[in-house]
Amino acid sequence: RCARYGGRAKFFEVDLPSAVDAKKRILAKRSPSITVEHLPLNLEDLKAGPSLPERLASSTSFDASRPTLYVFEAVLFYLSPPACSALLDAALNQGARVALTDSLTKLGVAPRGP
């Protein structure tokens, strides 16, 4: 995504510390001109303490007052229900848009037909 939209949007990658390190190395090797700010974070830590927008703002150039789209790709089903709720609540309370590619059944959200 950041390669397709580079220059038109800022990108922030949040992942486990070991994954962030690997992603930085790959990005530097394959696409050195692309700028992505990384936040190493175990999303389970969001159950207590600062929210994701607060952590991004304190560790990167993230500005919660700017229009924001959070994309959660295949991550929510790895989280406990309290961590998942905290993550989604913080994003939605910020007024951001959210795109999901996850199942939310453990939060009691079941898919519906048309």
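Residues numbered from 1 in each chain as written. Predicted model: local features only at pLDDT ≥ 70, side-chain atom pairs only at ≥ 80, totals over all residues. Heavy atoms only, no water.

> What is the right way to read the overall build of the protein chain from this model?
From N to C terminus, the protein chain includes four helices and four strands. Ordered by position from the N terminus, the helices and strands of the protein chain form the series α-β-α-β-α-β-α-β. Within the protein chain, contacts between residues separated by at least 24 positions form 62% of all contacts whose residues are at least 6 apart in sequence. A total accessible area of about 7,600 Å² is found for the protein chain, and carbon and sulfur atoms account for 53% of it. (Helix = DSSP H or I, 4+ residues; strand = E, 2+ residues; numbered from the N terminus. Contact = heavy atoms within 4.5 Å. Areas by Shrake-Rupley, 256 points an atom, 1.4 Å probe, with all protein chains shown as cover.)

> Explanation requested: the nonpolar core in the structure shown.
Nonpolar side chains in soluble globular proteins tend to end up buried together. Grouped together as the largest cluster of nonpolar side chains are 17 residues, with contacts concentrated most on Leu-52, Tyr-70, Leu-76, Leu-79 and Leu-87. At the level of secondary structure, the elements contributing two or more residues to this core comprise helix 3 (52-59), strand 3 (69-72) and helix 4 (81-93). The element that contributes the greatest number of residues to this core is helix 4, accounting for five residues. Sequence-distant contacts of Leu-87, that is, excluding residues within four places in its chain, are made with Leu-43, Leu-46, Leu-52, Phe-72, Leu-76 and Leu-79. (Core = buried A, V, L, I, M, F, W, Y, C linked by side-chain atoms within 4.5 Å. Buried < 20%, exposed > 50% of the residue type's maximum accessible area, 1.4 Å probe, protein only.)

> How do you make sense of the packing of aromatic side chains when you look at a structure like this?
Within this structure, the stated rule accounts for three aromatic pairs. Between Phe-12 and Phe-62, the aromatic rings sit 5.6 Å apart at their centres with planes inclined by 90 degrees, giving edge-to-face as the arrangement. With Phe-12 in strand 1 (residues 12-15) and Phe-62 in the loop between helix 3 and strand 3, the pair connects residues that are 50 residues apart, well separated along the chain. Summarising the aromatic geometry, the rings of Tyr-70 and Phe-72 are spaced 6.0 Å apart at their centres and angled 5 degrees between planes, so their arrangement reads as stacked. We note that Tyr-70, like Phe-72, is buried. (Phe/Tyr/Trp six-rings, centres within 6.5 Å; stacked < 30°, edge-to-face > 60°.)

> Is there a simple way to explain the pattern of salt bridges in this structure?
Working definition: two side chains of opposite charge can pair if their charged atoms are close together. As enumerated under the stated definition, the model contains three salt bridges in all. Asp-15 serves as the salt-bridge partner of Lys-23, at 2.6 Å between the closest nitrogen and oxygen. The salt bridge involving Glu-44 is made with Lys-47; its shortest N-O contact spans 3.1 Å. The exposure class of Glu-44 is partly exposed, given its relative accessible area of 21%. Through salt bridges with shared partners, a single ionic network connects Glu-13, Asp-15 and Lys-23. (Salt bridge = Lys/Arg side-chain N within 4 Å of Asp/Glu carboxyl O.)

> Is there a simple way to think about helix 3 in this case?
Three or four residues apart is the spacing at which side chains of an α-helix point the same way, because the helix has 3.6 residues per turn. Taken together, the buried positions of helix 3 are Leu-52, Pro-53, Arg-55 and Leu-56. One side of helix 3 carries all its buried residues, which in axial view fall inside an arc of 165 degrees. Elements in contact with the buried residues of helix 3: strand 1, strand 2 (37-40), strand 3 and helix 4. (Arc of directions from axis to C-beta.)

> What is the right way to look at the environment of Ser-59 in this model?
Tracing the backbone through its elements, the reader meets Ser-59 in helix 3. With relative accessibility at 46%, the residue Ser-59 sits in the partly exposed group. Separated by 22 residues in the primary sequence, Ser-59 and Glu-37 place their C-alpha atoms 9.2 Å from one another.

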